[in-house]
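# Secondary and tertiary structure notes
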Amino acid sequence: MSKQEVILCKNLELSLGQAIEKCPYDRLFILTDEHTHRLCMPQMKEVSYLKDAIEITIGAGDIHKTLETLASVWQVLSDKGATRHSLLINLGGGMITDLGGFAAATFKRGFSYINVPTTLLAMVDASVGGKTGINFNGLKNEIGVFAPANSVLIETEFLRSLDTQNFFSGYAEMLKHGLISNTSHWTELLNFNTESIDYNYLKQLVGQSVQVKENIVEQDPFEHGIRKALNLGHTVGHAFESLALAENRPVLHGYAVAWGIVCELYLSHLKAGFPKDKMRQTIQFIKENYGIFAFDCKQYEQLYAFMLHDKKNKAGIINFTLLKDIGDISINQTTDKDLIFEMFDFYRECMGI
Ligand SMILES: NC(=O)c1ccc[n+]([C@@H]2O[C@H](COP(=O)([O-])OP(=O)(O)OC[C@H]3O[C@@H](n4cnc5c(N)ncnc54)[C@H](O)[C@@H]3O)[C@@H](O)[C@H]2O)c1
Ligand SMILES: O=C(O)C(=O)C[C@@H](O)[C@H](O)[C@H](O)COP(=O)(O)O
Ligand SMILES: [Zn+2]
């Protein structure tokens, strides 16, 4: 996979113009969801290159990260004459960059695309690294391909219209990056004033956070080894997300990851010696800011069944990424079912369920 250009923009219009010039195209498309079309598209109207772009707008939220929505995007591409030499700009959160990236990577076996992430989660995580796809059969990202965007243009001014829940959803992936990188970044994140956001400081943290992801993806673009670090919290988090979806009470991805981190830090403590004080401090932050995902012991089997679908697994054995300490990563960790159930007990006890 070629190294991806990720730019923390000073001037989006200029950066986008330069990125587009690097991708000669016959037809230009821009994908938004109903919210980013209303809130973020007006800023793009200034960009002269986009005057003739064909707009595609889909429903917002992960419930639309489906085969049906993907087919509707393919349909417009086909009807409007997209070719292998077309260019797609994804303007939105992780749902848009995942689905749009997959649409571009598969239409006529693939054409170029540029990500302009508009949520915190997409800026620090989803828009970078080339994982694209859709949810399928109640499972997260079940269908997809690795296909990086030609450029990722991060304009943090878009964050000013983001609601609190989506701010914290993205912040969970930043916390994950703190845990897998170093103590000083983790400490900065735990101490950031989330009640009164300093957007200049946030921009600096976004830069640091996306750098953690870029460094790892560069070493292992196809997740054969160290990229599994980026999946910390997701073995359990995706199971929570799938259970929530099955029970018609969807949760935001980052919230599921935060609750997944609570579980996987417990396993990290037991199996890899992750320090108890750092586990407690991280869990305290999550309890204070993410509320509770409730389930009872009758649902343990169902959660376990969802975890059996994790993409890191091999031969039916659930694969965890654990930590010996902050920044000290142990990939390919396994454990028996009893300990997984004990981990659920721990989660429920410390969340007060
Ligand atoms: N590919 C990857 O590496 C990767 C990494 C992390 C997460 N993901 C995926 O990303 C998705 C979650 O992404 P997300 O949290 O960005 O969700 P999202 O794209 O659904 O966006 C969340 C909500 O915020 C709205 N929104 C977007 N930008 C806005 C803005 N500037 N102001 C106000 N509202 C805005 C959206 O319309 C939506 O309603 C999940 O599907 C997850 O699986 C992928
Ligand atoms: O980029 C990666 O690698 C990640 O694992 C980042 C995750 O935050 C992200 O949610 C990713 O989509 C999960 O991928 P999956 O392979 O577990 O579906
Ligand atoms: Zn994630």
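Per an unreviewed UniProt entry, the protein chain goes by 3-dehydroquinate synthase and derives from Bacteroides nordii CL02T12C05. Listed under Sequence similarities (unreviewed entry) in UniProt, the entry text for the protein chain is "Belongs to the sugar phosphate cyclases superfamily. Dehydroquinate synthase family." The UniProt entry for the protein chain carries this comment under Catalytic activity (unreviewed entry): "7-phospho-2-dehydro-3-deoxy-D-arabino-heptonate = 3-dehydroquinate + phosphate".

## As for the overall build of the protein chain
Looking only at helices and strands, the protein chain has 14 helices and 10 strands in total. For 353 residues, the compact-globule estimate of 2.2 N^0.38 gives 20 Å, and the C-alpha radius of gyration of the protein chain, at 20 Å, lies within 12% of that figure. With respect to the three principal axes, the spread of C-alpha positions in the protein chain is 55 × 40 × 35 Å. Residues classed as buried in the protein chain amount to 56% of the 353 residues present. Total accessible area on the protein chain is roughly 14,800 Å²; 49% of this is exposed by carbon and sulfur atoms. In the protein chain, 33 side chains carry a positive charge and 41 a negative one; their mean positions are 4 Å apart.

## A word on the site of ligand 2
In the neighbourhood of ligand 2, 13 residues make up the surrounding shell, with Asp-125, Lys-213, Arg-227, Asn-231 and Lys-311 lying closest. The contact in question runs from an oxygen atom of ligand 2 to an N or O atom on the side chain of Asn-231, over 2.8 Å. For ligand 2, whose accessible area on its own is 430 Å², the fraction buried by protein is 92%. Among the secondary structure elements, those contributing two or more residues to the shell around ligand 2 are α7 (164-181) and α10 (234-246). Residue composition of the shell around ligand 2, by class: 1 nonpolar, 5 polar and 7 charged. Looking at which domains feed residues into the shell around ligand 2, each of domain 1 (5-161) and domain 2 (166-351) gives three or more.

## Looking at the packing of aromatic side chains
The tally for this structure, following the rule as stated, stands at 23 aromatic pairs. Ring plane angle 80° and centroid distance 5.3 Å describe the contact between Phe-167 and Phe-168, whose orientation is recorded as edge-to-face. Looking at Lys-337, its charged tip hangs above the ring of Tyr-304, at a distance of 4.8 Å from the centre.

## A look at the UniProt feature "domain: 3-dehydroquinate synthase N-terminal" (unreviewed entry) in the protein chain
Mapped onto the present numbering, the UniProt feature "domain: 3-dehydroquinate synthase N-terminal" (unreviewed entry) falls at residues 56-167. Across residues 56-167 one finds 33% helix and 29% strand; the C-alpha atoms that close the span lie 25 Å apart.

## Description of the state of the cysteines
Within this structure, the stated rule accounts for 0 disulfides. Distance from the sulfur of Cys-9, which forms no disulfide, to the nearest cysteine sulfur (Cys-40) is 13 Å. Under the relative-accessibility criterion, Cys-9 is labelled buried at 1%. The thiol of Cys-263 is not disulfide-bonded; the next cysteine sulfur, from Cys-350, is found 8.0 Å away. By relative accessible area, which is 0% here, Cys-263 ends up buried.

## Things to note about helix α5 (residues 94-106)
Spanning 13 residues, α5 covers 18 Å between terminal C-alpha atoms, matching the ideal 18 Å at 1.5 Å per step. Burial analysis of α5 places 11 of its 13 residues in the buried class, which makes it a mostly covered element. The set of residues buried in α5 consists of Gly-94, Met-95, Ile-96, Thr-97, Asp-98, Leu-99, Gly-100, Gly-101, Phe-102, Ala-103 and Ala-104. In the segment just after α5, Lys-108 is the residue with positive phi, at about 50°.

## Some remarks on the coordination of the zinc ion (ligand 3)
Looking at the zinc ion (ligand 3), one finds its protein donor set to be Glu-173 (OE), His-234 (NE2) and His-253 (NE2), positioned 2.0 to 2.1 Å from the metal centre. Each donor residue of the zinc ion (ligand 3) lies on one chain, and together they are spaced E-x60-H-x18-H. Residue Glu-173 is located in helix α7, and its partner His-234 is located in helix α10; the two are separated by 61 residues in the primary sequence. The same class applies to Glu-173 as to His-234, namely buried.

## Some remarks on the side chain of Asn-313
Here Asn-313 lies in the loop between α13 (300-307) and β9 (320-325). A polar contact is formed between the side chain of Asn-313 and the backbone oxygen of Met-307, at a distance of 2.9 Å. Apart from the residues lying within four places of it in its own chain, the contact partners of Asn-313 are Met-307, Leu-308, Ile-318 and Asn-319.

## Points about the site of ligand 1
Close contacts around ligand 1 come from 28 residues, with Asp-62, Gly-94, Thr-118, Thr-119 and Ser-161 the closest. Measuring from an oxygen atom of ligand 1, one finds a side-chain N or O atom of Lys-140 at 2.9 Å. A total of 870 Å² of accessible area belongs to ligand 1 in isolation, and the protein chains cover 93% of it. Only α2 (34-39), α5, α6 (120-126), β7 (139-146) and α7 provide two or more residues apiece to the shell around ligand 1. Residue assignment places the shell around ligand 1 across two domains, with domain 1 (5-161) and domain 2 (166-351) each supplying three or more.

## Some thoughts on helix α14 (residues 337-350)
Under the 1.5 Å per step criterion, the end-to-end length of α14 is 20 Å for 14 residues, consistent within 8% with the ideal 20 Å. Taken residue by residue, α14 has Leu-339, Ile-340, Phe-341, Met-343, Phe-344, Phe-346, Tyr-347, Arg-348 and Cys-350 as its buried positions. Among the structural elements, α10, α11 (253-272), α12 (276-290), α13 and β9 are those in contact with the buried residues of α14.

What counts as what
- Residues numbered from 1 in each chain as written.
- Chains lettered and ligands numbered in written order.
- Predicted model: local features only at pLDDT ≥ 70, side-chain atom pairs only at ≥ 80, totals over all residues.
- Heavy atoms only, no water.
- UniProt positions renumbered as here; feature names shortened; annotations may be inferred.
- Helix = DSSP H or I, 4+ residues; strand = E, 2+ residues; numbered from the N terminus.
- Rg over C-alpha atoms; globule rule 2.2 N^0.38 Å.
- Buried < 20%, exposed > 50% of the residue type's maximum accessible area, 1.4 Å probe, protein only.
- Areas by Shrake-Rupley, 256 points an atom, 1.4 Å probe, with all protein chains shown as cover.
- Lys, Arg positive; Asp, Glu negative; His and termini not counted.
- Charge placed at Lys NZ, Arg CZ, Asp CG, Glu CD.
- Near = heavy atom within 4 Å.
- Polar contact = N/O pair within 3.5 Å; in protein donor to acceptor, adjacent residues only side chain to side chain.
- Nonpolar A, V, L, I, M, F, W, Y, C, P; charged D, E, K, R; others polar.
- Domains from an automatic or database assignment.
- Phe/Tyr/Trp six-rings, centres within 6.5 Å; stacked < 30°, edge-to-face > 60°.
- Lys NZ or Arg CZ within 6 Å of the ring centre and 35° of its normal.
- Disulfide = S-S within 2.5 Å.
- Expected span 1.5 Å × (residues − 1).
- Donors = N, O, S within 2.8 Å, 3.2 Å for Na, K, Ca; no water.
- Contact = heavy atoms within 4.5 Å.

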